[in-house]
Amino acid sequence: MTDHVVTQFISPSAWALVECKFSPFAKETLTKLCKFVEEDCMPAQSTFHDQISTDPALRWKGYPKIIEELKVKARSLGLWNLFLSKEHYPDVGVPLTNLEYAVMAEVMGRCVKIAPEACNCSAPDTGNMEVLARYGTQKQKDEWLAPLLAGKTRSSFAMTERGIASSDATNIQASIKIEGNEIVVNGHKWWISGGGDPRNALHLVMGKSDTSATKHQQQSIVIVPANAKGVTLVRPMHVFGYDDAPEGHFEVKYDNVRIPIENIVGGFGRGFEIIQGRLGPGRIHHCMRSIGIASRALELMLLRVTDPRKVMFGKMLYEHGTVVERIALSRMEIDQARLLVLSAALQIDLVRAKGAMNDIGMAKAIVPAMVTQVIDRAMQVHGAEGICQDTPLAALWTGVRTLRYADGPDEVHLSQIGIRELKKAPGLHAAEKLLAEREEKVRKAAGVKAHVFKI
């Protein structure tokens, strides 16, 4: 294993496992990214938040200027659209694998509010760009994808709806109907991330276009311009009191929105297929970044418990056994989860997202729960300071907690994983029967009788 700056942020053993799969270009890019995140993005965090207006009338009107400055530098360094693998998207991608990007996403997760966007690698744009790159027509790519790739616009993905169980996408009620040479969209969505961003140019909207078709071919996805007539931003949804301005997660109404028929993505009836392709990489991207969040929370915990000003009952915080135990648990859980994420990323490279769904599902169920636990421990040692605005911990916990719903709730992933495991049962019964027959054969050859009777 060669020395690399990334071992300051991930375990040397994890780097030793994956280093041989990194190209020289990937190693060089990772080196530049580590330096950019630590020296440019992390020092800019307070400025970013200071540039968000607290005036309700202005809060959703502008965006922190520091981001545009960071984007210019990131692009000049070649730290741009790192998530978009050239192998899967040869016309617009970069020569990085999903495994290589996984390590980079963890590094960006250390400064999760700034670094991903500075490198044009933030959700929901990443998933939307992949959809347009894979399914979009050339005209759609020129009009909508190109500005996203250039970091000039932002976007939203509108699927979740009020009043239904949106975790089952077949329940979606928004309608997409053809009238002449136009498509008419009607629907009531909510939790539409990025809906309040003044730079938002388009919504990818999922709705039903043919209720008479088979269950998974009733849905379609269309491009709706964010400023189209009939699109109404109702309100920003608050997550544990945070409005996440100036991007937010909005309740949105689409009231007789008319768009050109050419705004259909991939063809009618392919909506379910498209979201499955979109959500796979999106889920693992969230996990990648979340590992970085957990690592940063652990660092803040270590800083707190070794602060000489924080003495409790005559001891430093780290001298209390429960604190040491929580530090150890956090380190072990982070390193365990990282290996699962790296394994899932490698599987995507080998068999694409569809073939890696089991690995992705396990990571999606395990990582957010682990990260919230690590952040919770960090908050605990900070006392009341850990749950207020004076540290990033409360906001980080809130953001990661939502991932246990986003892109599919834990229960759905656990159910799917469990069902796949149960499919092994017939083969296990057959193998167990064969084992019993072999045991009996060995016993007879040895001339002994069984002392243990199996039920």
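You'll find the structure just up there.
Heads up: these notes are all about the structure in this document. (Residues numbered from 1 in each chain as written. Predicted model: local features only at pLDDT ≥ 70, side-chain atom pairs only at ≥ 80, totals over all residues. Heavy atoms only, no water.)

Per the stated rule, a full pass over the model turns up 33 salt bridges. Put simply, Glu179 and Arg258 hold a salt bridge, and the shortest N to O gap is 2.8 Å. Placement of Glu179 in strand β2 (residues 175-179) and of Arg258 in strand β7 (residues 249-260) is noted, with a sequence separation of 79 residues between them. Classification of Glu179 by relative accessible area gives partly exposed; the value is 39%. Three or more residues joined by partner-sharing salt bridges are found here, namely Glu68, Lys71, Lys113, Glu117, Asp125, Arg154, Asp197, Arg199 and Glu247. (Salt bridge = Lys/Arg side-chain N within 4 Å of Asp/Glu carboxyl O. Helix = DSSP H or I, 4+ residues; strand = E, 2+ residues; numbered from the N terminus. Buried < 20%, exposed > 50% of the residue type's maximum accessible area, 1.4 Å probe, protein only.)

It is worth spelling out the packing of aromatic side chains at this point. Applying the stated criterion across every chain, the model contains five aromatic pairs. Arranged with centres 5.0 Å apart and planes meeting at 75 degrees, the rings of Trp15 and Phe22 form a pair that is edge-to-face. The same class applies to Trp15 as to Phe22, namely buried. Residues Trp190 and Trp191 carry aromatic rings whose centres are separated by 6.1 Å and whose planes lie at 55 degrees to one another, so their mutual orientation is tilted. Take Trp190: its relative accessible area is 21%, and that puts it in the partly exposed class. A relative accessible area of 34% means that Trp191 is categorised as partly exposed. Between the NZ or CZ atom of Arg162 and the centre of the ring of Trp190, over which it lies, the distance is 4.9 Å. Taking NZ or CZ as reference, Arg199 lies 3.5 Å from the ring centre of Tyr63, over its face. (Phe/Tyr/Trp six-rings, centres within 6.5 Å; stacked < 30°, edge-to-face > 60°. Lys NZ or Arg CZ within 6 Å of the ring centre and 35° of its normal.)

A word on unusual backbone geometry. Here the residue pair Ala123 and Pro124 is connected by a cis peptide bond, since its omega of 0 degrees sits within 30 degrees of zero. Here Pro124 shows up in the loop between α6 (115-118) and α7 (125-135). Geometrically, the link from Ala245 to Pro246 is a cis peptide bond, its omega value of 5 degrees lying close to zero. Within the secondary structure layout, Pro246 lies in the loop between β6 (231-236) and β7. With phi around 50 degrees, Asn256 is a residue other than glycine that occupies positive phi space. Take Asn256: it is sitting in strand β7.

Time to look at the packing of helix α11 (residues 357-382) against helix α13 (residues 410-422). The geometry of α11 relative to α13 is characterised by a closest axis approach of 9 Å and an angle of 140 degrees between their N-to-C directions. Here α13 runs oblique to α11, going by the angle between their axes. α11 and α13 meet at a crossing whose hand is left-handed. Residue-level contacts link Met357, Asn358, Gly361, Met362, Lys364 and Ala365 of α11 to Asp410, His413, Leu414, Ile417 and Arg420 of α13. Among the residues forming the contact of α11 with α13, the class breakdown is five nonpolar, three polar and three charged. (Axes fitted to C-alpha atoms, helices over the stretch in contact; angles between N-to-C directions. Parallel < 35°, antiparallel > 145°, perpendicular 65-115°, else oblique. Left-handed = near helix turned anticlockwise from the far one by under 90°. Contact = heavy atoms within 4.5 Å. Nonpolar A, V, L, I, M, F, W, Y, C, P; charged D, E, K, R; others polar.)

Shape descriptors only; they carry no functional weight alone.
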